[in-house]
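# Fold and contact review
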Amino acid sequence: MRKKIIAANWKMNMSCAEAAAYLEILFRELGQDEEVEVVIIPPFTAISKVSELVSHSQQVKVGAQNMYFEKAGAFTGEVSAAMLRELFVRYVVLGHSERRAIFGESDETVNKKTRAAHEAVLKPIVCIGETLTEREAGKVEEVLERQIRGSLAGLGAKEMTETVLAYEPVWAIGTGRTASPAQAQEAHAFIRKTIAAVWDAPTAEKVRIQYGGSVKPENTASLMSQPDIDGALVGGASLDPRAFAQIVQHSAGK
Ligand code: PGA
């Protein structure tokens, strides 16, 4: 059984004060239920504050939105995996489509980061997904396979089971256009099949695959009830603690 994982990708939003106010509401709304794993992914500047405020919780963990693959040195503006670990970060989002499109990250860069994250015992959430043009050209599977083989190259089976994948069709991110549950399930099943082919079937069964792209409380239940969808990476709707708590609850069938 794969435990569902729901993550709040705050992107470049939230001051430390806003994060504190948010978490107070979130903990009140979530109650004691620990059926679903929850990850809060603040900007770097609020990680320390969020770590402090979730340290009492078994359910809520902290993630980062990016990191660099080198251990240390002259890389102005970057942070390393070890620096994140020092702040009790457990997950790191890698290869988000905004990083790929705006900051030019390739599968090769994402691969280096994914390996560096595992080396530092940080669990990567590796994002993959096709653009609208690629979908319309019938290239969804080709793109996903290329991203899986490229971004995850060289990972052992154990590292693979500790990697979370996020299927985020680029046309659904921040657009209000969600993939239908059937469209998402089809892509997730393909991703799992590809993992089974590149690694092995037991590994593929263990890997958690999140869906991301305009997830909101209203569409959570139908997406999360699909057999290969194991959670969500939530952007816009995660900025409202009440909406995010509802997404967590609906993903557990509540
Ligand atoms: P969205 O973002 O929920 O605002 O579409 C998802 C993401 O980019 O991870």
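For the structure, check the block above.
Throughout what follows, the structure given in this document is the object of discussion.

Rules used in this analysis
Residues numbered from 1 in each chain as written. Predicted model: local features only at pLDDT ≥ 70, side-chain atom pairs only at ≥ 80, totals over all residues. Heavy atoms only, no water. Buried < 20%, exposed > 50% of the residue type's maximum accessible area, 1.4 Å probe, protein only. Helix = DSSP H or I, 4+ residues; strand = E, 2+ residues; numbered from the N terminus. Arc of directions from axis to C-beta. Contact = heavy atoms within 4.5 Å. Salt bridge = Lys/Arg side-chain N within 4 Å of Asp/Glu carboxyl O. Pairing = 2+ DSSP bridges. Right-handed = clockwise from strand over helix to strand, strands pointing away. Near = heavy atom within 4 Å. Polar contact = N/O pair within 3.5 Å; in protein donor to acceptor, adjacent residues only side chain to side chain. Nonpolar A, V, L, I, M, F, W, Y, C, P; charged D, E, K, R; others polar.

### Some details on helix α11 (residues 217–224)
Three or more residues of α11 are buried, namely Pro217, Asn219, Thr220, Leu223 and Met224. With its buried residues spanning 150 degrees around the axis, α11 presents them on a single face. Against α9 (181–198), β7 (208–212), β8 (231–234) and α12 (241–251) lie the buried residues of α11.

### Here's the deal with the pattern of salt bridges
The full count for this structure, using the stated rule, is 16 salt bridges. Its salt-bridge partner being Glu98, residue Lys11 comes within 2.8 Å of it at the nearest N-O pair. Taken together, the residues Lys11 in the loop between β1 (5–9) and α1 (16–30) and Glu98 in helix α4 (residues 97–102) connect sequence positions 87 residues apart. When its relative accessible area of 27% is taken as the criterion, Glu98 is described as partly exposed. When the shortest N-O distance is used, the salt bridge between Lys49 and Glu52 registers 3.7 Å. In this pair, Lys49 and Glu52 are both assigned in helix α2 (residues 44–54), three residues apart and thus about one turn of the helix distant. The exposure class of Lys49 is partly exposed, given its relative accessible area of 28%. Taken together, the shared-partner salt bridges connect Arg2, Arg192, Glu205, Asp228 and Asp230 into one network.

### Let's talk about the pairing of β8
Residues Gly231 and Leu233 line one face of β8 and the alternating positions Ala232 and Val234 line the opposite face, and both faces are buried. Judged from the four bridges that link them, β1 and β8 form a sheet pairing that is parallel. By the bridge assignment, Ile5 is partnered in β8 with Gly231. Each parallel crossover has a hand, and for β7 linked through α11 to β8 it is right-handed.

### Details of the site of the ligand
Contacts to the ligand come from 13 residues, most closely from Lys11, His96, Glu168, Gly174 and Ser214. Within the side chain of Lys11, an N or O atom sits 2.7 Å from an oxygen atom of the ligand. Residue classes in the shell around the ligand are distributed as four nonpolar, seven polar and two charged.

### So, the side chain of Gln185
Considering the arrangement of structural elements, one finds Gln185 in helix α9. Assessed through its relative accessible area of 13%, Gln185 is described here as buried.

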